[in-house]
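Secondary and tertiary structure notes
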Number of protein chains: 2
Amino acid sequence: MSTPTTDCDVLVVGAGLAGLKAARELTAAGKRVRVLEARDRVGGRSKPGEICGHTIDLGGQWVGPDQKRLLAEAAALGVNTCPQYVEGDSLLHFDGKRRRYASDIPPLSPLALLEIALLERRWRREAGSLPVGAAWSAPQAAQWDSESVASWMRKHVRTRDARQFLRVVTRALLCAEPEQVSYLCMLEYMRQGKDLRTLLDVTGGAQQDKFVGGAWQIPKRMADQLGQCITLNSPVLGIDQHADAVTVHTAQADYRATQVIIATPPALAAKIDYNQPLPSRRWGLLQRMPMGAVIKIHVAYPTAFWRQRGLNGAVASNDRIFNVVFDQTPADQSIGILVGFMDGAHAVEMSTRGEQARRDQVIADLVSYFGDDAAQPIGYVDQDWTQEAWSLGGYVAHMPPGVMTQYGPSLREPCGRIHWAGTETATQWCGYLDGALQSGQRAAEEILGG
Amino acid sequence: MSTPTTDCDVLVVGAGLAGLKAARELTAAGKRVRVLEARDRVGGRSKPGEICGHTIDLGGQWVGPDQKRLLAEAAALGVNTCPQYVEGDSLLHFDGKRRRYASDIPPLSPLALLEIALLERRWRREAGSLPVGAAWSAPQAAQWDSESVASWMRKHVRTRDARQFLRVVTRALLCAEPEQVSYLCMLEYMRQGKDLRTLLDVTGGAQQDKFVGGAWQIPKRMADQLGQCITLNSPVLGIDQHADAVTVHTAQADYRATQVIIATPPALAAKIDYNQPLPSRRWGLLQRMPMGAVIKIHVAYPTAFWRQRGLNGAVASNDRIFNVVFDQTPADQSIGILVGFMDGAHAVEMSTRGEQARRDQVIADLVSYFGDDAAQPIGYVDQDWTQEAWSLGGYVAHMPPGVMTQYGPSLREPCGRIHWAGTETATQWCGYLDGALQSGQRAAEEILGG
């Protein structure tokens, strides 16, 4: 190996929002920082794209009023918000039927709606019993963690509509199937995002606003301010801990510092070679937090024709593959854009089938939602996050049953000179840009306080 | 990158039993093969060690009469078997009580024994319904895969003793907790090992015999016969697929061939960089097959004092940490040796606490099983597989709920020029040396037949 570069105090692995936030906090406190990024760009799961000349977010994009860190960070960087379009009716495509509805309450059977309301109350109570940052130590944690969301549902959810609703919700939130996710993990996710309603809603919820010009500008501007201390195209191969320092290896160069923050998803931290094996509980966790599967798709039309019919573009479906859709029309309404997701098993399947098959599927689904006007798009852009080698999926990693109670305590625990960041390590808004910021700040504070 | 070495037709990643078997089959068929091994030794999860001058297996060691591939391979290599010692009584340490028993049937309550017998019949029937090599397509696969073994038990097992028994069994077989393992995965494991009884038993079962001198000699002799084509200390960093070839990168050199076999556990295959992203379903699987956690421990005494008291050294326990023990006394009886395991959550916990704490725990547990004579060992050797960077755990990877049905079909499916081996890809005796051999042979046949 070459002689390591020793021009910094702290190395940060990953130039996503978490790593950039950590680097900013450390730099502000007078530390010399170097950020090593595997890709040729910053931003991680936040990524710019383009459709018909309009800039779009290929990754995370929305923000809710409870995400105060993200709102403050964006404001400080001069990135403004605008509301998600909500005028008019939403659509539910459920069991082969298309239904319009005006409120936040989907047109399911009264019995199912009643059950969902009762479930929401139950989840609020159960999630509220989880100690912040230590869900594994809740009184009922062992029981809840022994169940998948699916097996829990079979026991506790009576109406078929409510079960279907919860399946769509699990996919939409975690990009995974209810069979794969621990019920305790789901409760913790609800707690972190305040409650299920807040996670799902537009007005007052996590999809209330967007960033003018795109959320990707937030990490971009953070990186611009950090300047030369970010090194792109530098996947970290190995990390060696010594008595007084840590050496980080990349293909091009080695770097030496006193501490390192790994600000990547768990599955990527698992790719790195460590000269001192990580503690058993940490290795175990890194092997047990798979990323969800998601493909984000934008479709452009000459006009936002759905608006003219009193529709706001929002769709949820339990029987179509392109099953969550929102309006993404630019402010000048020069064209109309819809954005949506294939998630969980749908994403895996449609990733395999290739872009042309996906496009055909998306158009077919949009026609079934919006009619024949949807058949002739002028633009189509999809982003298959399962095929991004430096994400391995999206939006977020989840925990299968039995993982949080046994391996969870290692989630944020430093391993010697190695500290952990990334939205998965947040205690609020895990899976969101806001959680990424929180995690970066917390990791920086660990170092500054230590 | 350097100019790749091009002296072989097929590259094999991993010199465990699977990789070595593949290399032998290919070599025998006239192919030029190179095996790249990350460690400084061959054998993978089969590894030699020493206690008081006696050679021992720190990894896999037993063989049963149904493991015909392994028996044939060993015989051809001149490695002989000898029976596991069974004369005398076994011990059960259950809920604070120590009980001796003479048969294969542990002294549980009659009701629990009846229930276990009924469960075994049920599992034989259900496992028998799984299509070989395609458990995910069984009629009830979706239902079974939605449950953890723990949530399934809560529904279907009435007596506490039977539940406790099944917990000990899950740990002992898969080195994981019932909460973490899909019920479908458990059924498939039982099918692969014939049935639960065969997996657990000594006489007639998977622990009937040992190899004289140790199982580690099998890969060692296979490697000796392969000779120069094995390159040690060469972790594979990346694999590039081209139209007509594949290039495998290590830190020291690059290698080019027409095909590559990856004969590592899934979690290690996930560490490699692939120039063509793996199919979504394959990435998904590699992120979702964690290794179990296990520490294997040998303890030596001046004599096999337990034999003198009519005990065969076998212990199973639901309330002690060193909870599965066997007699491992050498044939000449010059000393007495016990061998056993800490598995699942116990292994993770005791790995964290360090070797001295483990040793104290092991001795305390052995004293509670065998009395004060166990308090003064003359030798202690433990092997913490969770800390082996090139295994990441042991004995085997398992699937959490929801994984087999969604991601299972990618288990053996080649990705272009990349073929997959390793005991996890076996269709018989997954998790065993026998399964490793089968997988290596199957991968070689894919290439020879293709």
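Given the structure is predicted, the values throughout are model-derived calculations rather than measurements.

About the cut-offs
Residues numbered from 1 in each chain as written. Chains lettered and ligands numbered in written order. Predicted model: local features only at pLDDT ≥ 70, side-chain atom pairs only at ≥ 80, totals over all residues. Heavy atoms only, no water. Axes fitted to C-alpha atoms, helices over the stretch in contact; angles between N-to-C directions. Helix = DSSP H or I, 4+ residues; strand = E, 2+ residues; numbered from the N terminus. Parallel < 35°, antiparallel > 145°, perpendicular 65-115°, else oblique. Left-handed = near helix turned anticlockwise from the far one by under 90°. Contact = heavy atoms within 4.5 Å. Nonpolar A, V, L, I, M, F, W, Y, C, P; charged D, E, K, R; others polar. Domains from an automatic or database assignment. Buried area = accessible area lost by both parts, 1.4 Å probe. Salt bridge = Lys/Arg side-chain N within 4 Å of Asp/Glu carboxyl O. Polar contact = N/O pair within 3.5 Å; in protein donor to acceptor, adjacent residues only side chain to side chain.

1. A short note on the packing of helix α3 (residues 110-128) of chain A against helix α6 (residues 160-174) of chain A
A pair of packed helices is captured by two measures, namely the crossing angle of their axes and the spacing between those axes. All names here are of chain A. Running from N to C, α3 and α6 point in directions that differ by 50°, and their axes come no closer than 8 Å. Judged by the inter-axis angle, α3 sits oblique to α6. By crossing handedness, the relation of α3 to α6 is classed as right-handed. Contact with α3, carried on its side by Ala 112, Glu 115, Ile 116 and Trp 123, involves Asp 161, Ala 162, Phe 165 and Leu 166 of α6 and no other residues of that element. Residue composition of the contact of α3 with α6, grouped by class: 6 nonpolar, no polar and 2 charged.

2. Comments concerning the domain arrangement of chain A
One frequent convention defines the size of an interface as the accessible area lost when the parts assemble. All names here are of chain A. As far as domains go, chain A holds domain 1 (10-44 + 216-278 + 415-449), domain 2 (48-87 + 206-214 + 292-387) and domain 3 (110-200). One C-alpha centre belongs to domain 2, the other to domain 3, and the line joining them spans 26 Å. Listed as interface residues are 14 residues of domain 2 and, on the opposing side, 12 residues of domain 3. Buried surface at the junction of domain 2 and domain 3, both sides included, amounts to about 970 Å², of which 51% is carbon and sulfur. The largest contributions to the domain 2 side of the interface with domain 3 come from Asp 66, Asn 318 and Asp 343, which together make up 38% of the buried area. Applying the counting rule to domain 2 against domain 3 returns 1 salt bridge. Two residues, Lys 194 and Asp 66, come together in a salt bridge whose shortest N-O distance is 3.5 Å. The interface formed by domain 2 and domain 3 holds 6 residue pairs in polar contact (both at pLDDT 80 or more) in total.

3. Things to note about the interface of chain B and chain A
Taken together, the contacts link 46 residues of chain B with 45 residues of chain A. Between chain B and chain A, the buried area comes to about 3800 Å², and carbon and sulfur atoms account for 47% of it. Contact with chain A buries area across many residues of chain B, yet Lys 271, Ser 280 and Gln 287 of chain B alone supply 16% of it, more than any other trio. Linking chain B with chain A are 6 salt bridges. As a salt-bridge pair, Arg 154 of chain B and Glu 147 of chain A come within 2.8 Å of each other at their nearest N and O atoms.

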